[in-house]
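Fold and contact review
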Amino acid sequence: MNPHAKLITSLSLLLGTTITISSNHWMMAWTGLEINTLAIIPLISKSHHPRAIEAAIKYFLVQAAASTLVLFSSTINAWHSGQWDLTQLTHPTSCSLLTAAIAMKLGLVPFHFWFPEVLQGSSMTTALLLSTVMKFPPITILYMTSHSLNHTLLTIMAIASAALGGWMGLNQTQIRKILAFSSISHLGWMSIILIYNPKLTLLTFYLYSLMTTTVFLTLNTTKTVKLSTMMTSWTKTPMLNATLMLTLLSLAGLPPLTGFLPKWLIIHELTKQEMTVAATVIAMLSLLGLFFYLRLAYYSTITLPPNSTNHMKQWHINKSTNTPIAIITSLSMLLLPLSPMILTTI
């Protein structure tokens, strides 16, 4: 991609995200979402592969439909209340429409169908942006309107997302699709607690973004896109693969790693809100996700495939130390001792 085009799209992504998260008026929030959508499409389709073009078209159509619903919802609310403020969403129809629109933008069930396909058609770095940066503005809108959303609809979609994200990830061999279903499952965890503790939703999103960024950057460094190539990547960078295994287990939510913190806090909060059944169900559904995270960890470090090389020093390659990956990998695994400090902020 032309450096000037890459600069323009990157600045547009930053601008669109900033406009949405800092706006109080519905039209400004919608404008930021549209800028984001238009900025990411060239990045999805930059390889000019038919799969990438297909992914870009699917992404555009779904995001256009979601943006239309956002406008429709805010307009109905303005007709009945005279308010264009994000926090003044009061009309029941508007609340239901907005819940559906944001679910479509995020990829919650039943609007999840586009997300794995778009990620599979994108490069690793674009897939990383789609999984983290592009979800920040919709999550912010959810945070600001959490008091007026349709609670029943959101809870049903959250549990369905946790179930489908785990179930559909079981049979995948493409790593980007596995991480897409992982994202859908994590969004279920974020959505179910949004009504009771919005700050906890933001904390979960931040930690999820941190761990997902680590996984994507590590896979991009080792040039791994499917399970069969993951088996041989340990010979090139054994230490990086070992830390990848721990990051995947952190993403699964196993103690004493960082990923355990948000799940523990969400289950604790749901129990306090007398939603013990929902907490039990979503905790059991996370076991489905644990299976494919363990499978990824197994393939990355434990499986020993037939090695075609005649020498045992394939890992002696001249690679410079990647400091950013080292830092975010450490954060993805070692933040649990800071939980008392984090608890004081939510």
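Residues numbered from 1 in each chain as written. Predicted model: local features only at pLDDT ≥ 70, side-chain atom pairs only at ≥ 80, totals over all residues. Heavy atoms only, no water.

In this structure the tally under the stated criterion is five salt bridges. Residue Lys58 pairs with Glu54 through a salt bridge whose shortest N-O separation is 2.9 Å. Taken together, the residues span about one helical turn, with Lys58 and Glu54 both in helix 3 (residues 50-81) at a distance of four residues. Residue Glu54 is classed as partly exposed on the basis of its relative accessible area, which comes to 38%. Measuring nitrogen to oxygen at the nearest pair gives 3.4 Å for the salt bridge that ties Glu117 to Lys177. With Glu117 in helix 5 (residues 114-120) and Lys177 in helix 9 (residues 175-194), the pair connects residues that are 60 residues apart, well separated along the chain. A relative accessible area of 24% places Glu117 in the partly exposed class. Overlapping salt bridges, with partners in common, bring together Arg51, Glu54, Lys58, Glu117 and Lys177 in one network. (Salt bridge = Lys/Arg side-chain N within 4 Å of Asp/Glu carboxyl O. Helix = DSSP H or I, 4+ residues; strand = E, 2+ residues; numbered from the N terminus. Buried < 20%, exposed > 50% of the residue type's maximum accessible area, 1.4 Å probe, protein only.)

Our next topic: the packing of aromatic side chains. Following the criterion strictly, the structure yields eight aromatic pairs and no others. With a centroid separation of 5.3 Å and an interplanar angle of 75°, the aromatic rings of Trp114 and Phe115 are classed as edge-to-face. Both residues of the pair, Trp114 and Phe115, belong to the buried class. Ring centres of Tyr298 and Tyr299 lie 6.2 Å apart, and the angle between their planes is 90°; on these two criteria the pair is classed as edge-to-face. Residue classification places Tyr298 among the partly exposed positions, given a relative accessible area of 44%. Cation over ring: Lys135 sits above Phe115, and NZ or CZ is 4.0 Å from the ring centre. (Phe/Tyr/Trp six-rings, centres within 6.5 Å; stacked < 30°, edge-to-face > 60°. Lys NZ or Arg CZ within 6 Å of the ring centre and 35° of its normal.)

Moving on: the environment of Met190. If you trace the backbone, Met190 turns up in helix 9. Separated by 49 residues in the primary sequence, Met190 and Ile141 have C-alpha atoms spaced 13 Å apart. With near-sequence residues (within four places) excluded, Met190 lies in contact with Ile139, Thr201, Thr204, Phe205 and Tyr208. (Contact = heavy atoms within 4.5 Å.)

When the UniProt feature table is mapped onto this chain numbering, "domain: NADH:quinone oxidoreductase/Mrp antiporter transmembrane" (unreviewed entry) sits at residues 23-288. In residues 23-288, the share of helix is 74% and the share of strand is 0%. The end C-alpha atoms are 38 Å apart. (UniProt positions renumbered as here; feature names shortened; annotations may be inferred.)

Turning our eyes to something else, we now look at helix 6 (residues 124-131). One turn of the α-helix equals 3.6 residues, which is why residues spaced by three or four share an orientation. The element helix 6 is largely enclosed, with a buried count of six among its eight residues. Listing the buried residues of helix 6 in full gives Met124, Thr126, Ala127, Leu128, Leu130 and Ser131. Looking at the buried residues of helix 6, the elements they touch are helix 2 (26-44), helix 3, helix 5, helix 9 and helix 10 (198-222).

Before going further, it helps to examine the packing of helix 4 (residues 92-106) against helix 8 (residues 151-168). Their axes nearest at 9 Å, the elements helix 4 and helix 8 cross at an angle of 25°. It follows from the interaxial angle that helix 4 and helix 8 lie roughly parallel. Considering only the axes of helix 4 and helix 8, their crossing is right-handed. Contact with helix 4, carried on its side by Ser96, Thr99 and Ala103, involves Leu153, Leu154 and Met157 of helix 8 and no other residues of that element. Tallied by class, residues from the contact of helix 4 with helix 8 come to four nonpolar, two polar and no charged. (Axes fitted to C-alpha atoms, helices over the stretch in contact; angles between N-to-C directions. Parallel < 35°, antiparallel > 145°, perpendicular 65-115°, else oblique. Left-handed = near helix turned anticlockwise from the far one by under 90°. Nonpolar A, V, L, I, M, F, W, Y, C, P; charged D, E, K, R; others polar.)

Turning next to the side chain of Ser67. Along the chain, Ser67 turns up in helix 3. For Ser67, the side chain forms a polar contact with the side chain of Lys105, separated by 3.4 Å. Discounting chain neighbours no more than four positions away, the residues touching Ser67 are Trp30, Glu34 and Lys105. (Polar contact = N/O pair within 3.5 Å; in protein donor to acceptor, adjacent residues only side chain to side chain.)

Quick look at the packing of helix 12 (residues 238-252) against helix 15 (residues 323-334) now. For the pair helix 12 and helix 15, interaxial distance at closest approach is 9 Å and the crossing angle is 35°. In the packing of helix 12 onto helix 15, the handedness of the crossing is left-handed. For the pair helix 12 and helix 15, contact is made by Leu240, Thr243, Leu246, Thr247 and Ser250 and by Ile325, Thr329, Ser332 and Met333, respectively.

Parts of the prediction with low pLDDT should not have their coordinates interpreted in detail. A residue-level look at the protein finds 94% of positions with pLDDT of 70 or above and a mean pLDDT of 87. Residue range residues 310-317 is modelled with pLDDT below 50. Its contacts to residues more than four positions away, or to other chains, number eight contacts. (pLDDT = per-residue confidence, 0-100.)

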